[in-house]
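A closer look at the structure
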Amino acid sequence: MWCYYNLFMPVVRQTSRRVKRTTTGLLQIVRTQDRATTPLDRLLTAAPPLPRPTAEQLVALRDSTDPLALKRHIHRHLGELAQMADRDERSETITFR
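Residues numbered from 1 in each chain as written. Predicted model: local features only at pLDDT ≥ 70, side-chain atom pairs only at ≥ 80, totals over all residues. Heavy atoms only, no water.

Look at the link from A47 to P48: it is a cis peptide, with omega at 0°. With respect to the helices and strands, P48 occurs in the loop between α2 (39–44) and α3 (52–64). (Helix = DSSP H or I, 4+ residues; strand = E, 2+ residues; numbered from the N terminus.)

Right, dumping it as structure tokens:
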């Protein structure tokens, strides 16, 4: 799952937050966010820069991975885990007659 979320899922990050007083006297929090981008793209543009071999390896991993196939793979395994948990839960229940 880390591969899917870090390489393909864009995230919006809050860049600032300030309090603004409205004309009615209420306080309003105004938040600003940056553009949505993947954690990998943030890492590639971060300071200090990522070592070149590591950056190339991560970009190659992203380029060689099919996000749709990866998502299907994750959901298939999550379904299997849910079935296993359901079986375990049923086997531990006590029935009274």
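Still to come is the rest of the account.
Right, let's talk about the nonpolar core for a bit. Generally speaking, a soluble globular protein has its nonpolar side chains buried in company with each other. By size, the foremost hydrophobic cluster in this structure holds 7 residues: C3, Y4, L7, L40, L58, L70 and I74. At the level of elements, α1 (2–8) and α4 (67–92) are the ones that each hand at least two residues to this core. No other element matches the 3 residues that α1 contributes to this core. (Core = buried A, V, L, I, M, F, W, Y, C linked by side-chain atoms within 4.5 Å. Buried < 20%, exposed > 50% of the residue type's maximum accessible area, 1.4 Å probe, protein only.)

A complete count under the given rule lists 3 salt bridges for this structure. Notably, a salt bridge pairs R62 with D41, separated by 2.8 Å at the nearest N-O pair. With a gap of 21 residues between them, R62 in helix α3 and D41 in helix α2 connect regions that are remote in the sequence. What makes D41 partly exposed here is its relative accessible area of 26%. The salt bridge partner of R52 is E56, with a shortest N-O separation of 3.3 Å. Linking R52 with E56, this pair stays in helix α3, spanning 4 residues, or about one helical turn. (Salt bridge = Lys/Arg side-chain N within 4 Å of Asp/Glu carboxyl O.)

Right, let's talk about the packing of aromatic side chains for a bit. For the structure shown, the criterion picks out 2 aromatic pairs. On the basis of an interplanar angle of 40° and a centroid distance of 6.4 Å, the ring pair of Y4 and F8 is categorised as tilted. One end of the pair, Y4, and the other, F8, are both in helix α1, 4 residues apart, so they sit about a helical turn from each other. Owing to a relative accessible area of 12%, Y4 belongs among the buried residues under this scheme. Of the aromatic side chains, those joined through ring pairs into one cluster are Y4, Y5 and F8. (Phe/Tyr/Trp six-rings, centres within 6.5 Å; stacked < 30°, edge-to-face > 60°.)

Here we take up the environment of A69. Considering the arrangement of structural elements, one finds A69 in helix α4. We classify A69 as partly exposed; its relative accessible area is 39%.

On any regular strand, side chains alternate: one points to one face of the sheet, the next to the other face. When strand β1 (residues 14–21) meets strand β2 (residues 27–33), the two strands line up antiparallel, connected through 7 bridges. By the bridge assignment, K20 is partnered in β2 with Q28. Where β1 folds back on β2, the antiparallel hairpin that results is connected by 5 residues, among which G25 adopts a positive phi of roughly 95°. (Pairing = 2+ DSSP bridges.)

All we've got here are geometric facts, nothing functional implied.
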